[in-house]
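Spelled out from the first residue to the last, the chains are:
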Amino acid sequence: MSVAFQQCIHPDCAATYDVGQILTACPKCGSLLDVTYDWNAVPVPKSLSEFERRWTTRLNPVDYSGVWRFRELLPFATDEQIVTIGEGQTILQKNDKLARQCDMKVGHLFLQYEGMNPSGSFKDNGMTAASTHARMVGAKMTACASTGNTSASLAIYAGVTGHFQCIVFVGSGKIAFGKLSQALDYGAKTIQIRGDFDDALARVRDICAKHPIYLCNSVNPFRLEGQKTIMLRVLEGLGWQVPDWIVVPGGNLGNSSSFGKAFMELKALGLIDRVPRLAIINASGADTLDEFVNDGKLVWNGGRPNADQICGRYTTMDRDNERASTLASAIEINRPVNLEKALRALSVCNGIVRKVSDQEIIDSRARIAATGFGCEPASGATIAGVLRLRKEGVIHADDRVVCILTGHQLKDPDLTMAYHSGDPQLMSKKLTPAGVTSTPFANPPVVVDNDEVAILKALGLA
Ligand code: F0G
């Protein structure tokens, strides 16, 4: 066995498997799998700042990648096996304007802008890792279900690298056109099923289990290894200091799970001396985690969360045909597949969960965009969460807070236009049904005749 192996996260099982196996759940007990490492056999740097040396060798694609330049902390592939398209060139941005709006000290609020990835979302951090593993095991065909960004990301990796074909499953509901058009453009075989994301994911898992198709959703433990590096770049942006809070939108809970794993490992390796707190923000219309944690008091419990409670809730969800519904279509998910790992992350990071309304989400999205960092609605949940947690007094004015902007503004321009246009028709079609009744941060276009005097009047100059 190499230095890396796959391991069941359930402490009563903890079975291990070779990295050469294609698995998305433990064959013995059905739990989620981690990629784990024999750290004694890996040349782990003594300090995180040692990674800075890679800036001088950035002509080497694996040193240029914002994921693989940290490869000693996800050592499951050789340099020759790595599939990279230059992902992870994302930076931490201090945002004083938003800090003031959130009643925080200037210099204390940061945005980690993952929309700057090749496919426009954080998913590329994970997809480079899943694509690398797919190549290691000789996969010819890959697949995923998606609310849009995972499919765009998988499609770009398949298209650019030519290592494998790809099939994407999307629901027929709210997928944003920016995302769907990417999958189509990059040549993915796109299956739009009648159903939502939860249906699409159940279907693709079943199909991949029965056929030689490599699954790239976040139940794939290799994908989450890549997403750990978002946290490494956050630390790098803070001069290798640990912030007080990481705030992240929660959908399928892959990101929050990988962040928890990153901090767990960094602490165990002695590379950080404390872990930040984690705030996972659900949309109110897709609030399964919030309900489990805040109402149901579900906890990690050393790896033994209450399985009956989880099963029981999913049974009533099925019985009553409960469906997720939010304008933040990226996180319109009722059955987060990484629930257990997210509970672990909450335990490791003394984390909390909140839910915010669609009104709060899209107002916050507009506030973020007005500072020059466009993001999609799901990412707006972060600032909505910070505003809420400031009011509750949970986040303090002088805490250092990092919000993860998960996807680019251009992913969902329809919603942005519905917000800004001031067009009552667009408003009543797109926003009102979701309970959005006002657009306080709208910046509508001013329509004037093509006439100098009229234009100057509109500008207040005449
Ligand atoms: N933000 C964006 C922009 C997303 O696309 C997603 C997930 C999330 C947040 C939630 O992240 O699942 O790790 O909790 N999108 C998936 C997709 C489900 O199919 O693109 P998570």
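Here the structure is shown first, and the text comes after it.
From a predicted model like this one, the values you see are computed outputs, not experimental measurements. (Residues numbered from 1 in each chain as written. Predicted model: local features only at pLDDT ≥ 70, side-chain atom pairs only at ≥ 80, totals over all residues. Heavy atoms only, no water.)

Some words on the overall build of the chain
In step 1: In terms of helices and strands, the chain carries 16 helices and 13 strands.
In step 2: Overall, the C-alpha framework of the chain stretches about 75 × 50 × 45 Å when taken along its three principal axes.
In step 3: Buried positions account for 56% of the 462 residues belonging to the chain.
In step 4: Taking all contacts inside the chain whose residues are at least 6 apart in sequence as the whole, residues at least 24 apart take part in 70%.
In step 5: Surface summary for the chain: the accessible area is close to 18600 Å², and the carbon and sulfur share equals 52%. (Helix = DSSP H or I, 4+ residues; strand = E, 2+ residues; numbered from the N terminus. Buried < 20%, exposed > 50% of the residue type's maximum accessible area, 1.4 Å probe, protein only. Contact = heavy atoms within 4.5 Å. Areas by Shrake-Rupley, 256 points an atom, 1.4 Å probe, with all protein chains shown as cover.)

What about the site of the ligand?
In step 1: Near the ligand you find 21 residues, and of these Ser146, Thr147, Asn252, Leu253 and Thr406 are the closest.
In step 2: Within the side chain of Asn149, an N or O atom sits 2.8 Å from an oxygen atom of the ligand.
In step 3: Within the backbone of Asn255, a nitrogen or oxygen atom sits 2.8 Å from an oxygen atom of the ligand.
In step 4: Within the complex, the protein chains bury 99% of what would otherwise be the 480 Å² of accessible surface of the ligand.
In step 5: Sorting the residues of the shell around the ligand by element identifies helix H4 (149-161) and helix H8 (254-268) as the ones contributing at least two each. (Near = heavy atom within 4 Å. Polar contact = N/O pair within 3.5 Å; in protein donor to acceptor, adjacent residues only side chain to side chain.)

Some details on the sheet that holds strand S11 (residues 277-283)
In step 1: Sheet architecture is open: six strands sit in the order S4-S5-S13-S10-S11-S12, paired in mixed fashion. Each edge of the sheet is formed by a strand with only one pairing partner; in this case those strands are strand S4 (92-94) and strand S12 (352-356). On average, adjacent strands in this sheet sit at an angle of 25 degrees to one another, irrespective of strand direction.
In step 2: As judged from the three bridges shared by S4 and strand S5 (residues 109-113), these two strands associate in the antiparallel manner. Each residue of the ladder has a partner; that of Gln93, found in S5, is Leu111.
In step 3: The strands that helix H9 (residues 288-295) touches are S11 and S12; relative to S12, the one it contacts most, it runs at about 130 degrees.
In step 4: Contacting S5, S11, S12 and strand S13 (401-405), helix H12 (residues 358-369) crosses the sheet at an angle of about 95 degrees to S12. (Pairing = 2+ DSSP bridges. Axes fitted to C-alpha atoms, helices over the stretch in contact; angles between N-to-C directions.)

What to know about the packing of aromatic side chains
In step 1: All told, the structure shown has six aromatic pairs when counted by the stated rule.
In step 2: Pairing Tyr37 with Trp39 gives two aromatic rings, centres 4.9 Å apart and planes at 50 degrees, and the pair type is tilted.
In step 3: Ring centres 5.9 Å apart and planes at 65 degrees place the aromatic pair Trp68 and Phe76 in the edge-to-face group. Phe76 matches Trp68 in its accessibility class, with the two residues each being buried.
In step 4: Taking the ring centre of Tyr314 as reference, the NZ or CZ of Arg335 above it sits at 4.6 Å. (Phe/Tyr/Trp six-rings, centres within 6.5 Å; stacked < 30°, edge-to-face > 60°. Lys NZ or Arg CZ within 6 Å of the ring centre and 35° of its normal.)

A closer look at the sheet that holds strand S3 (residues 33-37)
In step 1: The strand order across the open sheet built from three strands is S2-S1-S3, with neighbouring strands paired in antiparallel fashion. Two strands bound the open sheet, and with one partner strand each, they are strand S2 (16-18) and S3. Here the average twist between neighbouring strands, direction ignored, is 40 degrees.
In step 2: Inspection of the sheet shows strand S1 (residues 4-8) paired to S2 by three bridges, in the antiparallel sense.

Some points on a nonpolar patch on the surface
In step 1: A contiguous nonpolar surface patch, about 480 Å² in accessible area, is contributed by Val446, Val448, Ile455, Leu459 and Leu461.
In step 2: Along the chain, Leu459 falls in the segment after helix H16 (452-458).
In step 3: By relative accessible area, Leu459 is classed as exposed at 56%. (Patch = residues over 30% accessible without salt bridge, like charges linked within 9 Å, V, L, I, M, F, W, Y side chains within 5 Å. Salt bridge = Lys/Arg side-chain N within 4 Å of Asp/Glu carboxyl O.)

Side note on the environment of Ala369
In step 1: By the element assignment, Ala369 lies in helix H12.
In step 2: A sequence separation of 72 residues divides Ala369 from Phe441, and the C-alpha atoms of the two residues are 10.0 Å apart.
In step 3: If we ignore the near neighbours within four places in the chain, the residues touching Ala369 are Gly374 and Gln409.

Here's the deal with the nonpolar core
Buried together is how nonpolar side chains tend to be arranged in soluble globular proteins.
In step 1: Counting 60 residues, the largest nonpolar core has Leu48, Met231, Ile246, Leu266, Leu339 and Ile404 as the members making the most contacts within it.
In step 2: In this structure Ile246 touches Met231, Val234, Phe259, Phe263, Pro276, Arg277, Leu278, Ala279, Val402 and Ile404, once residues within four positions along its chain are discounted. (Core = buried A, V, L, I, M, F, W, Y, C linked by side-chain atoms within 4.5 Å.)

Here we look at the pairing of S5
In step 1: Burial of S5 is extensive: five of the five residues sit out of reach of the surface.
In step 2: Where burial is concerned, the two faces of S5 agree: the one with Leu109, Leu111 and Tyr113 and the one with Phe110 and Gln112 are both buried.
In step 3: As defined by bridge partners, S5 adjoins S13 across five bridges and the pair is classed as parallel. Paired with Tyr113 across the two strands is Leu405, which belongs to S13.

A few points about the state of the cysteines
In step 1: Under the defined criterion, the tally for this structure stands at zero disulfides.
In step 2: This cysteine, Cys349, is not joined by any disulfide, and Cys403 carries the nearest cysteine sulfur, 15 Å off.
In step 3: There is no disulfide at Cys375, and the cysteine sulfur nearest it, in Cys403, is 9.7 Å away. (Disulfide = S-S within 2.5 Å.)

What to know about the packing of H9 against helix H10 (residues 307-319)
In step 1: Relative to each other, H9 and H10 sit at 135 degrees, their axes nearing to 12 Å. By the angle between their directions, the pair H9 and H10 is classed as oblique. The two elements H9 and H10 cross, and the hand of that crossing is right-handed. Of H10, the residues touching H9 (which contributes Thr288, Glu291 and Phe292) are Gln309, Ile310, Arg313, Tyr314 and Met317.
In step 2: Split by residue class, the contact of H9 with H10 holds four nonpolar, two polar and two charged. (Parallel < 35°, antiparallel > 145°, perpendicular 65-115°, else oblique. Left-handed = near helix turned anticlockwise from the far one by under 90°. Nonpolar A, V, L, I, M, F, W, Y, C, P; charged D, E, K, R; others polar.)

Keep in mind these numbers describe shape, not what the thing actually does.
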